[in-house]
Amino acid sequence: MRIQLSEKLSALLLLGAAAIGLITANSPIAEPIRGFLHLQVPTDYLGFSLDIADWVKDGLLAVFFLLAAIELRHELSNGELASVRRALVPTIAAVGGVAAPAAIFLLIVRSPDLSVGWPIPTATDIAFALGLLAMAGRGLPRRIRALLLALAVIDDLIAILIIGIFFTDDLRLFPLLAAVPVVLAFGWLSLQPSRWRVALMIALALTAWWLVAISGVHPTIAGVALGLVLAPRAARKTRAALDPISRLIVLPLFAFVAASVAIPKIGLNELSPVFWGILLALPLGKIVGIGLTGWITSRLAVKKSDQTKVLDLLVVASLGGVGFTVSLLMNELAFEGNRLVAAEGTLAVLCATAISGVIGLIFTAIRAEHYRRLSPVPHPQL
């Protein structure tokens, strides 16, 4: 039986899992939970050793990135990014939505040791943002959801490039090159009608993940590569099979693990600049970056009938500040050696996401009410 999980429920599961992680990490049962999450899984024969939390972040999260890559390829082939004209506004808006938060973060965080966290506020969480839009967006035209989806997909692509370039240590070229034919063989098999192909594809996917992991590149990049080479029909089936698993298990587990941090017992004036940089850069930077570049591009490069209204753009820009999954991952990667700053970064991402979520819900509800008043016939559900 196929399980279908709505975007609303997916967003609630993410929020609930993060809340449970934060609460339990600051409760009497914090120590045993922390001990379990950092329990080493004996896998030295693979060439590396990860604890349970690392397996969630490096292993299970690859499923999420595989699905993000499938979404990206679909948008490039048939969706909002299928032509230069249609892709122009979300592409430039996404770039603006990365540049502005990074700039705000770097203006606040001047220390070279801490400025490595600049990518943290640049990400948008697809699942969470679309879930919030679905919660309050009854009556909104479908084009607003399509714009948010396209922008979030491009944002994820930029995040993938950032992870691959800035968070790769001790690169080992041979395993990375060896992963290329494995990924290509995976894509070739997805075109074949053989009934044995699924088992072989799973074996090749695991091999590709392992090769990328031992190369020094973050192993979630393997999920991206595999998603991009999947044949369209196989991609649809893979998405149908894995999307419920990602929404129901992978993302909530990651949210729980990433949010399982002890709140630092320090005053507001003792918080590091990283906390304030993320707290301001994520909601403010996304609204300014997406809103301004999207508005300028829409006015200059798109014909008048296709231009996005300013208030519609504000809905997308405010929801773009919902960083969550990828922001939490980047926080873990940026401050892996500084647990105190990493904890502050996690709290900042959660707070900034909450602020962006509230602002986004308000803009969405106001705009949806406007469209419901305009149209006597309800728009299709988002």
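**Points about the overall build of the protein**
Along the protein, the regular secondary structure elements total 14 helices and two strands. In terms of C-alpha radius of gyration, the protein reaches 21 Å, essentially the compact-globule figure of 21 Å for 382 residues. Expressed as a percentage of its 382 residues, the buried residues of the protein come to 52%. Long-range pairs, those at least 24 residues apart, make up 82% of the contacts in the protein with a sequence separation of at least 6. As displayed, the protein offers around 17,700 Å² of accessible surface, 69% of which is attributable to carbon and sulfur atoms.

**Things to note about the nonpolar core**
Formed by 114 residues in total, the largest nonpolar core has its most connected members in Leu61, Phe65, Ile163, Val274, Phe324, Met330 and Phe335. Tallying contributions element by element places helix α6 (residues 142–166) first for this core, with 14 residues.

**As for the packing of helix α5 (residues 126–136) against α6**
Packing of α5 against α6 brings their axes to within 10 Å, and their N-to-C directions diverge by 165°. Comparing their axes, α6 and α5 come out roughly antiparallel. Here α5 runs over α6; the crossing is right-handed. Here Ile126, Ala129, Leu130 and Leu133 of α5 lie close against α6, whose contacting residues are Arg145, Leu148, Leu149, Ala152, Val153 and Asp156. Its residues assigned to classes, the contact of α5 with α6 shows eight nonpolar, no polar and two charged.

**A look at the pattern of salt bridges**
Applying the stated criterion to the full structure yields eleven salt bridges. We note a salt bridge from Arg247 to Asp243, for which the minimum N-O separation is 2.8 Å. With Arg247 and Asp243 both in helix α10 (residues 232–259) and four residues apart, the pair spans about one turn of that helix. When its relative accessible area of 23% is taken as the criterion, Asp243 is described as partly exposed. As a salt-bridge pair, Arg339 and Glu332 come within 3.6 Å of each other at their nearest N and O atoms. Classification of Arg339 by relative accessible area gives partly exposed; the value is 47%.

What counts, and at which threshold
- Residues numbered from 1 in each chain as written.
- Predicted model: local features only at pLDDT ≥ 70, side-chain atom pairs only at ≥ 80, totals over all residues.
- Heavy atoms only, no water.
- Helix = DSSP H or I, 4+ residues; strand = E, 2+ residues; numbered from the N terminus.
- Rg over C-alpha atoms; globule rule 2.2 N^0.38 Å.
- Buried < 20%, exposed > 50% of the residue type's maximum accessible area, 1.4 Å probe, protein only.
- Contact = heavy atoms within 4.5 Å.
- Areas by Shrake-Rupley, 256 points an atom, 1.4 Å probe, with all protein chains shown as cover.
- Core = buried A, V, L, I, M, F, W, Y, C linked by side-chain atoms within 4.5 Å.
- Axes fitted to C-alpha atoms, helices over the stretch in contact; angles between N-to-C directions.
- Parallel < 35°, antiparallel > 145°, perpendicular 65-115°, else oblique.
- Left-handed = near helix turned anticlockwise from the far one by under 90°.
- Nonpolar A, V, L, I, M, F, W, Y, C, P; charged D, E, K, R; others polar.
- Salt bridge = Lys/Arg side-chain N within 4 Å of Asp/Glu carboxyl O.

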